[in-house]
Amino acid sequence: ALKNNGRIALTGTPVENGLTELWSIVDFVQPGLLGSLKQFKEKYEAVLKEGKNYEEVQQNLENELKLVYKRRTKKGELEKQLPKKIEHHGEHLVQMGKDQASLSRFILEQVHNKQLEPLHGLQELKKVSSHPGLVNQQYSQLKVKQVPKLSATVDILKDVKSKGEKALIFTEYREMQSILKRTIAEEFKVNAMVINGSTDSRQDLIDRFNDMEGFDVLILSPKAAGVGLTITSANHVIHYTRWWNPAIENQATDRAYRIGQEKDVHVYYPMISTEAGNSFEEIVDNLLIEKKELAENVIVPSKGLDIDKELQERVLQ
């Protein structure tokens, strides 16, 4: 019903829940270009639900849309406008602490004895991998050296401080945010600010952080702070607790890696490792790497990148 001479649609996430979201955008801009919704579902969405032919569907869609569609990516058009993004995969691997190992064995036993639901068991393993205090309060005051992953994170921050630069640390757990804040205060005499779901004035905190000279650390929840914020004063990103969806994790990294960033951005993944390379966190990391290419494919719904089911198969079988 809109009276207009032309239409433009702009979106950062064309497909979040399902491919019909892309149809809705295109049908507004150029009604009928992709046929009716029923025709579109039969032609494209039904094929995708089978979990294959992503490249073929992507190519066919792009051919249909090429007259009205322009995609602008960091790897493509923006490559010369941005510094490098350097991912430090496999460089900060640590053994599991004694208390973490004990709690992990107990959790796996509970799952195998059907005392704990599989998905709940995975969530508990995720917490233990971050810090045993997230599962049992009596461990929340452990010294840094007793939690090797926390110790590795402190080492990363020491290197960041030596360069006079800033870091972002992402973890979804409030208790872990508190532990990190306390640890940073003890180790560096820095009062790290925190942004999570209960933060009222996010932009005020970001402005203060961006204006601060020299070394500083900002602790964030990837879901609460993963979109809409520009934090280009930091060029180091630490994913302390992994979010089980590469699209959301990439969005979190992109708070620092975006237009306005003048330095190379370093991304770190401190994680617990075993000699066999099959620790819980290594399995998570491998799955996220496998899904990362799909996350860059515009037709794949970002919700479909969650790795919960695959984790149950690989960790709990």
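This structure is a prediction, so every number in the text was calculated from the model and none was measured.

> Sorry if this is basic, but what is going on with the overall build of the protein here?
Helix and strand counts for the protein come out as 12 helices and eight strands. What you see for the protein is a C-alpha radius of gyration of 22 Å, in line with the 20 Å of a compact globule of 317 residues. Here the protein holds 317 residues, and 46% of them are scored as buried. Long-range contacts, defined as pairs at least 24 residues apart, comprise 71% of the intrachain contacts of the protein with a sequence gap of at least 6. If you sum the accessible surface of the protein, you get close to 16,900 Å²; carbon and sulfur atoms cover 48% of it. On the protein, the mean spot of the 44 positive side-chain charges and the mean spot of the 46 negative ones are 2 Å from each other.

> Is there a simple way to think about the pattern of salt bridges in this case?
Note on pairing: side chains with opposite charge can pair once their charged atoms come close. Tallied over the full model, the rule gives 12 salt bridges. A salt bridge links Arg314 to Glu290; its shortest N-O distance comes to 3.1 Å. On the criterion of sequence distance, the pair formed by Arg314 in helix H12 (residues 308-315) and Glu290 in helix H11 (residues 280-295) is long-range, its members being 24 residues apart. Through salt bridges with shared partners, a single network forms among Lys85, Glu87 and Lys292.

> Mind showing me how you'd approach the pairing of strand S5 (residues 216-220) here?
Each regular strand carries side chains that alternate between the two faces of the sheet. A large share of S5 lies buried, amounting to five of its five residues. Burial along S5 is two-sided: Asp216, Leu218 and Leu220 facing one way and Val217 and Ile219 facing the other are all buried. Note that strand S3 (residues 166-170) and S5 share five bridges and pair parallel. If you follow Ile169 over to S5, its bridge partner there is Ile219.

> Please clarify how the nonpolar core should be interpreted in this entry.
Side chains of a nonpolar character, in soluble globular proteins, are inclined to be buried together. Membership of the largest hydrophobic core comes to 43 residues, with the highest contact counts inside it found for Leu157, Ile184 and Leu311. Looking at this core, the elements with two or more residues in it are helix H4 (98-112), helix H5 (118-130), helix H6 (148-162), S3, helix H7 (174-188), S5, H11 and H12. With near-sequence residues (within four places) excluded, Leu157 lies in contact with Ala167, Ile169, Ile184, Phe188, Phe215, Val217 and Ile238. Counting 23 residues, the second-largest nonpolar core is a separate cluster that includes Ala225, Ala256, Val265 and Val267.

> Sorry if this is basic, but what is going on with helix H2 (residues 37-48) here?
With 12 residues, H2 should reach 16 Å at 1.5 Å per residue; the first-to-last C-alpha distance of 15 Å fits that figure. Close packing links the buried residues of H2 with helix H1 (20-29) and helix H3 (54-65).

> Explain the sheet that holds strand S6 (residues 236-239) here, please?
Across a sheet, strands are paired by hydrogen bonds formed along the backbone, either parallel or antiparallel in direction. If you walk across this open sheet you meet the six strands as S1-S7-S6-S3-S5-S4, and the pairing is parallel. On the outer flanks of this sheet lie strand S1 (85-88) and strand S4 (193-195), each paired with one strand and no other. When the angles between neighbouring strand axes are averaged without regard to direction, this sheet yields 20°. Here helix H10 (residues 246-253) sits on the sheet in contact with S1, S3, S6 and strand S7 (265-268), set at roughly 150° to S6.

Calculation criteria
- Residues numbered from 1 in each chain as written.
- Predicted model: local features only at pLDDT ≥ 70, side-chain atom pairs only at ≥ 80, totals over all residues.
- Heavy atoms only, no water.
- Helix = DSSP H or I, 4+ residues; strand = E, 2+ residues; numbered from the N terminus.
- Rg over C-alpha atoms; globule rule 2.2 N^0.38 Å.
- Buried < 20%, exposed > 50% of the residue type's maximum accessible area, 1.4 Å probe, protein only.
- Contact = heavy atoms within 4.5 Å.
- Areas by Shrake-Rupley, 256 points an atom, 1.4 Å probe, with all protein chains shown as cover.
- Lys, Arg positive; Asp, Glu negative; His and termini not counted.
- Charge placed at Lys NZ, Arg CZ, Asp CG, Glu CD.
- Salt bridge = Lys/Arg side-chain N within 4 Å of Asp/Glu carboxyl O.
- Pairing = 2+ DSSP bridges.
- Core = buried A, V, L, I, M, F, W, Y, C linked by side-chain atoms within 4.5 Å.
- Expected span 1.5 Å × (residues − 1).
- Axes fitted to C-alpha atoms, helices over the stretch in contact; angles between N-to-C directions.

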